[in-house]
Amino acid sequence: MPQPVTLHPDTSPLALFGYELRRYREAAQLTQKQLAKKILFSTSMVGMVERAVRRPERVFAERCDQALGLDGVLTRLSAIARRETDAEHFRPWLDIEQEATTLRIWDPLLIPGLFQTQTYARRIIVGEPGITTEQADQQVAGRMRRLSILSGENPATVFALIDEGVLRRPIGGPAVMGEQLAYLLEIGSHPMVTVQIVPYSAESTCGLLSAFVLAEQHNSPHAAYVDCSPRGRTIEDRETVSQLIKRYDAIRAEAYPQHLSVKVIEEVMKQWI
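Residues numbered from 1 in each chain as written. Predicted model: local features only at pLDDT ≥ 70, side-chain atom pairs only at ≥ 80, totals over all residues. Heavy atoms only, no water.

Undergrad: For the environment of Asp95, give the residues involved together with the corresponding values.
TA: Positionally, Asp95 belongs in helix α6 (residues 91-99). For the pair Asp95 and Leu184, spaced 89 residues apart in the sequence, the C-alpha separation amounts to 24 Å. (Helix = DSSP H or I, 4+ residues; strand = E, 2+ residues; numbered from the N terminus.)

The following block contains the structure:
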């Protein structure tokens, strides 16, 4: 049997998580296979995380904490490890997003990041001048990890408003768009997700300047993330958040109801396939 890889925990947050997971597992006298069975993940996944070649998702860390009788230490370390390669300006929002009970999204230009396929996301990310392949890979992986807010015991409720023009904008070409709209329909059927399309005919001009997301905890809006160039920003000022809530409500008043929105997505998807 091959010897386990020796990790140096001070190398990176990812290495620290792998080192600590192995240490706690061995202290509990569990093999990788036994731990995997307890947390309902594969043995190979446990091994890859311990070798620091895979980043631990939140649900993975939470189940490890529970199986090993810990007080949440691995969950806290996993949050640091996942954010290791995320853009610094975006990290405060990622913490807020993970803790939110409700998210309200508006995007006039693109499929929201939470709902993007890997190919669609990559096409957007590689358009950034000067970005390397490695940086693009890291950003795509980070974007995919965000969808974990819909898993776990208490998933967030997500309401998304998307401009009709987004469905017709040829990001990556017909194949990419066809796949993306099919995925949008799939994720829109999730019991915690509502997707509404804002038609061309809407006059909700207050939403044309930028995309934004509102975060709530237990029905109390407390933060927002606003997209802008070159970097978006997290806002926690109550007055500004209140103004964005009013804009969101004005946009939503012009949106198709969910069942009609599904039909619009289906019709546009057929044009791409």
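That covers the picture; the talk isn't over yet.
Undergrad: I'd love a proper account of the pairing of strand β5 (residues 220-226), names of residues and values included.
TA: One face of the sheet, then the other: side chains in a regular strand alternate in exactly this way. Across six bridges, strand β4 (residues 212-217) lies against β5 in antiparallel orientation. When the bridges of β5 are listed, Ala215 appears paired with Ala223. Strand direction decides the pairing type here: β5 and strand β6 (residues 233-235), joined by three bridges, are antiparallel. Residue Val226 lies in a different strand from β6, and its bridge partner there is Arg233. (Pairing = 2+ DSSP bridges.)

Undergrad: Summarise helix α3 (residues 43-50); cite the residues concerned and give the values.
TA: Every buried residue belonging to α3 is among Met45, Val46, Gly47, Val49 and Glu50, and all of these are buried. Each element contacted by the buried residues of α3 is listed here: α1 (13-27), α2 (32-39) and α4 (58-68). A positive backbone phi angle near 65° is found at Ala52, which sits one or two residues after α3. (Buried < 20%, exposed > 50% of the residue type's maximum accessible area, 1.4 Å probe, protein only. Contact = heavy atoms within 4.5 Å.)

Undergrad: So what about the side chain of Gln180? Which residues, and what values?
TA: Structurally, Gln180 can be placed in helix α10 (residues 174-188). The residues contacting Gln180, other than those within four sequence positions of it, are Ile111, Phe115, Gln116, Thr117 and Tyr120.

Undergrad: Go over the sheet that holds strand β3 (residues 193-198) with me, naming the residues and quoting the values.
TA: Spatial ordering of the open sheet is given by β3-β2-β1-β4-β5-β6, a layout of six strands whose pairing is mixed. The sheet is open, and its two edges are formed by β3 and β6, each paired on a single side. Ignoring which end each strand starts from, the neighbouring axes of this sheet average 15° apart. (Axes fitted to C-alpha atoms, helices over the stretch in contact; angles between N-to-C directions.)

Undergrad: Can you tell me about unusual backbone geometry, naming the residues and giving the values?
TA: For residues other than glycine, phi is negative in most cases, and the peptide bonds are mostly trans. Positive phi, normally seen in glycine, also occurs at Gln29, with a value near 60°. Examined against the element boundaries, Gln29 turns out to sit in the loop between α1 and α2. Judged by relative accessible area, which is 71%, Gln29 ranks as exposed. Positive phi, close to 65°, is recorded for Leu40, a residue that is not glycine.

In short, the description is geometric, and any link to function would need to be established separately.
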